[in-house]
Every structure is written in structure tokens, then in C-alpha cells.
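Structural description and commentary
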Amino acid sequence: MDAAVSLIAEHGLDSLSLREVARRTGVTHQAPYRHFPTRADLLTAIALEGYTLLGERQVSILSDPVGTDEDEEIAPALRLLLCYARFALEHTPYYRVMYCGEVGQRKDRAPLKEAVQVTFEPMVQAMGSVRRKRRLASAHSDYDVALSCWMLAHGTTLLYLDQHLQEQRKRMSLEDLILHLVRALTEDFPWKPAKITR
């Protein structure tokens, strides 16, 4: 699987094939099929490993001290968004696979479904905590609010990785850009974005 990740890092997701992985690892063309019957099976295995790495990062970042007491309520949610951005930058091949179409078509199946839920649940819990502590009334569920935040981070990350947003790239990092957008969306809400210790 390491050979597959390296191949994606060097030449992109479209370059991945079981035959090329076999060539790189010095085995017969049929050998990879014993472990991964199809390319989609290989991509799913890579995605699962990626979700494991992301989950480990989430646990680590949430155990860090948050900002001031005033910011403590919103800080975990912002930390999770920054964790997502950092993961995408540091593990781009995994990130590309985790959210590619071939894997997306399998996200209703175990164990991929469970892996997605485990890594998304912390954001749902974080947003729910903010809303309860700040007594924010809304017709939307905690899940919907968390999904909106994730979609903002995900879309921004993809545009950033694909070399779009050139003007913004000159002025700020991906992490700063996501925080800037979150603040732009929440400035009229009754909460104040956290001052995050990096």
C-alpha cells in the first residue's frame, strides 16, 4: 500500500493502477490482486488508513490546551477545522483518496462508513457544545451545522491544493484562510472565534 500512496503523491490519483503498483514493488502483475481484487478495493484500504491517521490527529489536537477561558467554547470546533487543513497539507495523497469519487461510492458500506462517522462525530459534538453553552437557537441540527463548517473547510482546502485562490495564497496560509472565512461567516453571530495557540 505504501507504493500506491507514493505513486499518487508523485503522479496523481489517475496514475494509480494495480499493475503499476506491482511493477514498483517488484512482484508479478497478478500479486496485488490477491490482496485487492480491484483498484477500488485498494483505494478503500488507503482511505481507511487515512481516516485512522486523521482520527489520531483529532485526538491529539483536542488534548492541547485551548485559548482563553472566554474562547474555550468555540476553540475545539476551530481546532478541528485546522486539524483537517493540516492533515490535507501533510498527507495530501491520503486526502485525495479519502474524498475521491470511487471511495465516495462506498461510504455507505462497513468499515468505511464507520471510519467516516468516527472522524466526523467530534465536529458534531464540538458544534453542539457551542450551541448549548451559548444558548443559540436554530432550526438546524448539530449535524447540519457541523456539516456546513466541514463543507467550507473541504471546499477551501481543495481549491487551495489545486492552486486556485492565488491572491489569497499570496497573503495567508490555508489554516489562516479557513479561520478568516469562518470569522467572516460568524461575525454577526453571538460568539467570538477563538484565539488558537498553534
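Before reading further, recall that the structure is shown in the block above.
A brief look at the structure comes next. (Residues numbered from 1 in each chain as written. Predicted model: local features only at pLDDT ≥ 70, side-chain atom pairs only at ≥ 80, totals over all residues. Heavy atoms only, no water.)

With that out of the way, let us pick up the overall build of the chain. Assigned secondary structure in the chain consists of 10 helices and zero strands. Going residue by residue from the N terminus, the α and β elements of the chain occur as α-α-α-α-α-α-α-α-α-α. With 198 residues in all, the chain has 42% of them scored as buried. Carbon and sulfur atoms make up 54% of the accessible area of the chain, which amounts to about 11000 Å² in all. (Helix = DSSP H or I, 4+ residues; strand = E, 2+ residues; numbered from the N terminus. Buried < 20%, exposed > 50% of the residue type's maximum accessible area, 1.4 Å probe, protein only. Areas by Shrake-Rupley, 256 points an atom, 1.4 Å probe, with all protein chains shown as cover.)

What follows covers the packing of aromatic side chains. Summed over all chains, the structure comprises seven aromatic pairs. Each residue in the set Tyr51, Tyr84, Tyr95, Tyr99 and Trp150 is aromatic and connected to the rest through ring pairs, giving one cluster. Across the ring face of Tyr160, the terminal group of Arg169 is positioned such that the distance to the ring centre comes to 4.3 Å. (Phe/Tyr/Trp six-rings, centres within 6.5 Å; stacked < 30°, edge-to-face > 60°. Lys NZ or Arg CZ within 6 Å of the ring centre and 35° of its normal.)

If you trace the backbone, Glu102 turns up in helix α6 (residues 101–104). Relative accessible area serves as the criterion here: at 30%, Glu102 is assigned to the partly exposed category. Taking the C-alpha atoms as reference points, Glu102 and Ala40, 62 residues apart in sequence, are found 6.2 Å from one another. Glu102 has contacts with Arg39 and Leu43, leaving out every residue within four places of it along the chain. Within the structure, the side chain of Glu102 is placed 2.8 Å from the side chain of Arg39, a separation counted as a polar contact. (Contact = heavy atoms within 4.5 Å. Polar contact = N/O pair within 3.5 Å; in protein donor to acceptor, adjacent residues only side chain to side chain.)

Per the counting criterion, the structure on display carries nine salt bridges. Between Glu20 and Arg23 there is a salt bridge, with the nearest N and O atoms lying 2.7 Å from each other. You can see Glu20 and its partner Arg23 sitting in helix α2 (residues 18–25), three residues apart, about one turn around the helix. Arg57 is the partner of Glu90 in a salt bridge, and the nearest nitrogen-oxygen pair spans 2.7 Å. With Glu90 in helix α4 (residues 75–90) and Arg57 in helix α3 (residues 39–62), this pair connects stretches of sequence that are 33 residues apart. Through salt bridges with shared partners, a single network forms among Glu10, Glu20, Arg23 and Arg24. (Salt bridge = Lys/Arg side-chain N within 4 Å of Asp/Glu carboxyl O.)

A few words now on α2. By the burial criterion, the buried members of α2 are Leu18, Val21 and Ala22. Seen along its axis, α2 keeps its buried residues to an arc of 100°; they face one direction. Count one or two residues on from α2 and you reach Gly26, which has phi positive near 75°. (Arc of directions from axis to C-beta.)

Here we come to the nonpolar core. Core analysis: the biggest nonpolar cluster contains 55 residues, and Leu16, Leu42, Ile46, Val97 and Ile178 have the highest contact counts within it. The set of elements that each furnish at least two residues to this core consists of α1 (2–11), α2, α3, α4, α5 (92–98), α7 (112–133), α8 (142–161) and α10 (174–186). Ranked by the residues each element gives to this core, the list is headed by α4, at 10 residues. Dropping the residues within four chain positions of it, Leu16 is found in contact with Ala4, Leu7, Ile8, Val21, Arg39, Leu42 and Leu43. (Core = buried A, V, L, I, M, F, W, Y, C linked by side-chain atoms within 4.5 Å.)

Moving on: the packing of α4 against α7. Look at α4 against α7: their axes get within 8 Å of each other, and the N-to-C directions meet at 150°. Relative to α7, the element α4 lies roughly antiparallel. Crossing angle aside, the handedness with which α4 passes α7 is left-handed. Contacts between α4 and α7 involve Pro76, Ala77, Leu80 and Leu81 from the first element and Pro122, Met123, Ala126 and Met127 from the second. Across the contact of α4 with α7, the residue classes tally to eight nonpolar, no polar and no charged. (Axes fitted to C-alpha atoms, helices over the stretch in contact; angles between N-to-C directions. Parallel < 35°, antiparallel > 145°, perpendicular 65-115°, else oblique. Left-handed = near helix turned anticlockwise from the far one by under 90°. Nonpolar A, V, L, I, M, F, W, Y, C, P; charged D, E, K, R; others polar.)

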